[in-house]
Amino acid sequence: MAESYKSLSLTTQNGVLTLTLLGPGKGNAMGPDFWAELPGAIDEISAMDDVRVVIVRGSGSHFSYGLDLPQMMPKLGAMVGGNQMADRRRELMDMIRQMQLGFQKMHESPKPFIAAIHGWCIGGGVNMISAADIRLCSADAKFSLREAKLAITPDIGGLQWLPHIVGEGITREMAFTAADYDATFALRTGLVNHVLDTPDALFAKADEMAGQIADNAALAVQGAKSVLNYGMDKSVEAGLQYVAVWNSSQLQSPDFSEAMQATSERRQAAFNNKLNRGY
């Protein structure tokens, strides 16, 4: 890797990059290093032509406890409480926007992201997985938008993405109650696609699914993500126009020609897959 990170580990194999949360706080809590490093790490990943899919997971026994308040308080403390002047309030807003950036880059990256969740996934952890494209979990996983218990509003993406995943009602329930929810709830509401019996089975499933995605034409997979993201706040007609423009260039690609040739020859297609910015 071009960069070395304190809070993240990046490893690649056969077109699959695994991004592992390392803490250093207990339960991979998200402290200053995490918020500073994640945007650059996502930029690095998005620029890797040999990476076709990303798995996000936690180290140890949990995905993430969310915001590392003890580590963040020295910086936050100077900006909150008392009669803060406008410059301090603007500084706090800029800090929140910086914290949003890494998850926003995940959502906007051309690479598909699979979140593999085991143990606790709290607050910032739920916000992070909501920026992923696909979510899987193990049976021991527990989810909580805990912010209301801390007298704050979830502000790093969850309230923007979760309604598209689980609907408005479930999002509002999670945000208003700040309750804990288990894997059964996550599967029933569509927060996750699959629940696996153990963390080991979860990571094996994530690897298997990532391999299936990596075997496909990268431009087609990235096109599907781009079209889906574009259509989140657009009309059906606008989405249809966008995908027509996209495919009018994609159908000129060498991978499409290879797919047609492989189909006629009844063999597995050998895609170029060295792209994330087009041919």
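Going by the structure above, here's the rest.
Because the structure is a prediction, the values reported are computed rather than measured.

What counts and how
- Residues numbered from 1 in each chain as written.
- Predicted model: local features only at pLDDT ≥ 70, side-chain atom pairs only at ≥ 80, totals over all residues.
- Heavy atoms only, no water.
- Helix = DSSP H or I, 4+ residues; strand = E, 2+ residues; numbered from the N terminus.
- Buried < 20%, exposed > 50% of the residue type's maximum accessible area, 1.4 Å probe, protein only.
- Contact = heavy atoms within 4.5 Å.
- Areas by Shrake-Rupley, 256 points an atom, 1.4 Å probe, with all protein chains shown as cover.
- Core = buried A, V, L, I, M, F, W, Y, C linked by side-chain atoms within 4.5 Å.
- Pairing = 2+ DSSP bridges.
- Patch = residues over 30% accessible without salt bridge, like charges linked within 9 Å, V, L, I, M, F, W, Y side chains within 5 Å.
- Salt bridge = Lys/Arg side-chain N within 4 Å of Asp/Glu carboxyl O.
- Axes fitted to C-alpha atoms, helices over the stretch in contact; angles between N-to-C directions.
- Parallel < 35°, antiparallel > 145°, perpendicular 65-115°, else oblique.
- Left-handed = near helix turned anticlockwise from the far one by under 90°.
- Nonpolar A, V, L, I, M, F, W, Y, C, P; charged D, E, K, R; others polar.
- 1 Å grid on protein atoms, 1.4 Å probe; cavity = no way out; pocket = protein on both sides within 12 Å on 5 of 7 lines; lining within 4 Å.
- Points joined across faces, edges and corners; volume = space filled by probe spheres on them.

Colleague: Can you walk me through the overall build of the chain in this structure?
Modeller: A tally of helices and strands in the chain yields eleven helices and nine strands. Across the 279 residues of the chain, 47% fall into the buried class. For the chain, long-range pairs separated by at least 24 residues make up 70% of all intrachain contacts whose partners lie at least 6 apart in sequence. Of the roughly 13800 Å² of accessible surface on the chain, a fraction of 53% belongs to carbon and sulfur atoms.

Colleague: Whenever I open this one, the nonpolar core confuses me. Can you help?
Modeller: Within soluble globular proteins, side chains that are nonpolar generally end up buried alongside one another. Grouped together as the largest cluster of nonpolar side chains are 49 residues, with contacts concentrated most on L19, F103, M128 and F143. Here this core gets six residues from one element, more than from any other, and that element is helix α1 (residues 32–46). Ranked by size, the runner-up nonpolar core spans 16 residues in total, among them V16, L196, L202 and M209.

Colleague: Where do I start with the pairing of strand β1 (residues 8–13) in this structure?
Modeller: Looking down a regular strand, the side chains alternate between one sheet face and the other. Taken together, the six bridges between β1 and strand β2 (residues 16–21) define a ladder with antiparallel strand orientation. When the bridges of β2 are listed, T11 appears paired with T18. From the end of β1 to the start of β2, which pair antiparallel, there are two residues, and N14 there has a positive phi angle of about 55°.

Colleague: Explain a nonpolar patch on the surface to me, please; I cannot follow it from the model alone.
Modeller: A cluster of nonpolar side chains, L67, L69, L150 and I152, forms an exposed patch at the surface whose accessible area comes to about 300 Å². Position of L69 relative to the elements: it lies in helix α2 (residues 69–77).

Colleague: What's the story with the packing of helix α5 (residues 158–166) against helix α6 (residues 168–177) in this structure? I'm lost.
Modeller: Packed helix pairs are characterised by how far apart their axes lie and by the angle those axes make with each other. Relative orientation of the contacting elements α5 and α6 amounts to 130°, with a least axis distance of 7 Å. On the basis of their axis angle, the class for α5 and α6 is oblique. Between α5 and α6 lies a crossing whose hand is right-handed. Of the residues in α6, those touching α5 at L159, L162, P163 and V166 are E168, I170, T171 and A175. Residues that form the contact of α5 with α6 fall into these classes: six nonpolar, one polar and one charged.

Colleague: Sorry if this is basic, but what is going on with the pattern of salt bridges here?
Modeller: Where side chains of opposite charge bring their charged atoms close, a pairing between them can arise. Considering all chains together, one arrives at five salt bridges under this definition. In this structure, K225 and D133 form a salt bridge, with 3.0 Å as the shortest nitrogen-oxygen distance. Pair noted here: K225 is in helix α9 (residues 218–230) and D133 is in the loop between α4 (124–130) and β6 (134–138), with a separation of 92 residues, a long-range link. A salt bridge links R146 to D180; its shortest N-O distance comes to 3.0 Å. Here the residue R146 occupies a position in the loop between β7 (142–144) and α5, and D180 occupies one in the loop between α6 and β8 (181–182), the gap between them amounting to 34 residues.

Colleague: It is not clear to me how the layout of surface pockets should be interpreted in this structure. Could you clarify?
Modeller: Think of a ball as big as a water molecule: rolled over the atoms, this probe shows where empty space is left. One number sums up the size of the second largest pocket: a volume of about 410 Å³. Considering the residues around the second largest pocket, the lining is formed by 19 residues, among which A132, D133, I134, L228 and N229 are closest to the centre. Of all the secondary structure elements, the ones that give two or more residues to the lining of the second largest pocket are β6, α5 and α9. Ranked by the residues each element gives to the lining of the second largest pocket, the list is headed by α9, at five residues. Its residues assigned to classes, the lining of the second largest pocket shows eleven nonpolar, five polar and three charged.

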